[in-house]
Structures are given as C-alpha cells and as structure tokens.
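Fold and geometry: a report
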Amino acid sequence: MSAPLAAIDVHSHVYPGRYMSLLRARDTVPRIVARGGQDRMLILPGEDADSSTSVGRPIGSEYWDPARKIAFMDRHAIAVSVISPANPWLDFLADAGPVATEINEDMETLCAASGGRLYGLGLLPIRDPAASAAELGRIAGLPHLRGAVIGTTGAGKGLDDPALDQVWAAAERHGLMIFVHPHYGLGNEALAGYGHATLLALGFPFETTAAITRLILGGAFDRFPGLRMMVAHAGGVLPYLAARLDACVAGDAHSPVRLRHEPSSYLRGLYFDAIGYQAATLAMLMSLVGVERIMFGTDHPFFPPHVENAELDSTEWHSPAVHRAVLRELGPQAEIAILNGNAKAILCIDLST
Ligand code: URA
Ligand code: ZN
C-alpha cells in the first residue's frame, strides 16, 4: 500500500498555557479542577453541579504541548495543522482585550517555533466588538495566524447582532478567516440523559446551524461579501436543511428577511471542514457548495481513544482515520483537494517546508 497523502488539518485545537492558567484560577465553569489525582476540564454549561470524579473530561498535556500535537500529526500523516484555541475561548470575560492579545502572541510564538508544521487561528475578546475588530488588525500582523475562531454568542446577542458588523468589516478588510465553532449546544433540554453524546452529536451542530442561519438571514453576507468564514463540523445540519430554509423564507408572506439572493446561495461563499463522518454527508455538502470549499479536519485532541494518556500519541485515533476513509470514498480528485489542496490555496499554507 502507498504511503497516505500528507494532510492539512484545519480543525485542531490547543489550550495555550496562559489560557490553562486562566481556567485553573477560576472557581466557576469554565475551569480546571483536580479530582482523583487527575486534572479535569469543566467547560460545558452545568458541569459544576457534578462533584463526582468523572465530572467533565480528563485533560492532559495533549491539549497544550506542541510536541504532542506534532506526535499526533506524525502518527496520522498530517503535515500541517491550523491550530485554534478550543472552546469556550474568552466568551466568559467582559474585558478580554489584553488577554486576547497575549494569547494570540503565544499562538504566533508556538507556530513560529514549529518548523512549518503549525499555523494558527487566534481568539477574540468577542463580548467587546470594537476590541475584537482591533484585535483582528493585530492578528493580521502575525505571520503564522490566518484568522480567528469564535463561538456563536457574539457580544451576547448572537452573530446577527449589528454590533458585530465592525468585526466582519475588519475580517473582510484584512482577508482573515473567521472560524465559527459551537460550544453551548442548542436544544439541550431535549437531549439530556445520554451523557456527552447527544450534546456533541446533535446540540453542537444545531447550535452552529442556528448561528449561521441567523447570520445569513440578517444579511451579513450582503453587507460583507468578501467575509471569509469557515463553519465547523461540515456546516452542522444547515446544508441538509438549506432548500427547506429557502422554501420557508419564500413561503412566509410576512417575512422580515430582505436578501439579495436565496438564503441557501450564501452557503456557496462559506468554507467548511470535512468533519462529516460519512461519505453521503460530504457528497451532499460538495454538491451544494463545491469541493473547493471543504478542508480536512480532526478536532484533535477532543474525542480521544480510550487508552492511557501515555499511549495516546502512538495510538490511531478514530477521527482522522474515519475522515480519511470518507475522502477515499469520494474519489482521488476530491480526496486530494480536501486533504490538502484547498487549505494550501485558501489559507496560504506552504507544504514544502
Ligand atoms: N468537544 C468540545 O468541547 N470541543 C470540541 O471542539 C469538540 C468536542
Ligand atoms: Zn472543534
């Protein structure tokens, strides 16, 4: 068998050391607690209520040590990763401008020291749109950063809040990618009782779907046609529901929506990771937005295999294996475009170093 093609992973997370210190110093979610001789990460809403040793998720140096990121990449034939701080970013801080600047500089330093293996997305003090717009200007000056990751709450009123127009304008002006990623889940009350699985499998993509739908219907992409936005987890369920959205908007005689084009057409201007887990999902996304808008991702170090921490780096993880297998099913042209060709072009990544 030939060697696997070198991939570029555009959905890969870190918690930079400074961010870890911030979480360790807190006594409400999001925070890190020591339980049963192990650090556990409590980042999801409501996790504080559980005092058991199995609360939250175990967290080890695979979340912050770049050497372990590279070990994972080597194990899975990933040449380059575009790393982003993981959720919940700085959503919980009202005055996060200074710490965002420091963490973004940490991200740049970490990527610059990687010998061409790591590029990054920064984070934003998103509750303060003016500070976020200014931070994007700083990110544009950091040579290894390609944009910023954000959640779905914006400054507290969602992503269609007009107060965020200055953020979209700054991203558009600097040509930076905005990666929209879920954290809170949507419809959680209807999903309870089945552990993390329903939140992650359904609540997360529902949240992303609602956030991007609101952005589209609110006209952000008419006002900022050059805005570059990447949507997590293959677009949630929005690609699947896009035609229904068009029909419902068109069929609403009292619709407040005033767009230049049909809602679904704006999907063709977005970018997506390929975290869809099945060929049918990716084939649908491709038919809707074009193969050239989709890029390989793993979500590392989330969804680890059930082995001892020391064995993580030498074990094959499910996510990269299944996403590669899905791309093989889509045929060689789509496989190479999604594995690395698209990310090279879209995020200006040099694979030759
Ligand atoms: N769980 C998270 O909290 N974040 C991810 O990115 C994936 C799983
Ligand atoms: Zn993720």
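Presented here is a report on the structure given in the accompanying data block. Because the structure is a prediction, the values reported are computed rather than measured. Position numbers for residues count from 1 along each chain, tracking the sequence in the order it is written. Note on labels: chains are lettered from A, ligands numbered from 1, in written order. In keeping with the predicted nature of the model, local features appear solely for residues at pLDDT of at least 70, side-chain atom pairs appear and are counted solely at 80 or more, and the whole-chain, interface and lining totals rest on all residues. With hydrogens and water set aside, each side-chain value is computed from the structure's full complement of heavy atoms.

Topic: the coordination of the zinc ion (ligand 2)
Distances decide who is a donor: an N, O or S atom must be within 2.8 Å of the metal, or within 3.2 Å for Na, K and Ca. Water is not included, so sites may look incomplete. Those protein atoms acting as donors to the zinc ion (ligand 2) are His11 (NE2), His13 (NE2), His181 (NE2) and Asp299 (OD), and they sit at 2.0 to 2.1 Å. Each donor residue of the zinc ion (ligand 2) lies on the same chain, and together they follow the pattern H-x1-H-x167-H-x117-D. Separated by 168 residues along the polypeptide, histidine 13 in strand E1 (residues 7–14) and histidine 181 in the loop between strand E8 (177–180) and helix H6 (196–217) bring together distant segments of the chain. Both residues of the pair, histidine 13 and histidine 181, belong to the buried class. To qualify as a helix, a DSSP run of H or I must reach at least 4 residues; to qualify as a strand, a run of E must reach at least 2; elements of each kind are numbered from the N terminus. Residue burial is assigned from relative accessible area. The probe radius is 1.4 Å, only protein chains are included, and a residue is buried under 20% of its type maximum, exposed over 50%, and partly exposed in between.

Here's the deal with the pattern of salt bridges
Take a side-chain nitrogen of Lys or Arg and a carboxyl oxygen of Asp or Glu: if they are within 4 Å of each other, that pair is a salt bridge. Within this structure, the stated rule accounts for nine salt bridges. Residue glutamate 135 is joined to arginine 138 by a salt bridge in which the shortest nitrogen-to-oxygen separation is 2.9 Å. Of this pair, glutamate 135 and arginine 138 both sit in helix H4 (residues 129–140), separated by three residues, roughly a single helical turn. We classify glutamate 135 as buried; its relative accessible area is 1%. We classify arginine 138 as partly exposed; its relative accessible area is 42%. Across the pair aspartate 165 and arginine 223 runs a salt bridge, and its minimum N-O distance is 2.8 Å. With a gap of 58 residues between them, aspartate 165 in helix H5 (residues 165–174) and arginine 223 in helix H7 (residues 220–223) connect regions that are remote in the sequence.

Remarks on the pairing of strand E9 (residues 228–231)
Every second residue of E9 is oriented toward a common face, with Arg228 and Met230 on one face and Met229 and Val231 on the other, all of them buried. Pairing between two strands requires that DSSP report at least two bridges joining them. Across four bridges, the pairing between E8 and E9 is parallel. Looking across to E9, one finds that methionine 177 is bridged to arginine 228. Bridge count for E9 against strand E10 (residues 271–273) is two bridges, and the pairing is parallel. Within the sheet, the bridge partner assigned to methionine 230 lies in E10 and is tyrosine 271. For the segment spanning E9, helix H8 (residues 238–251) and E10, crossover handedness is right-handed. We call a crossover right-handed when, viewed with the strands running away from us, the connection from the first strand over the helix to the second turns clockwise.

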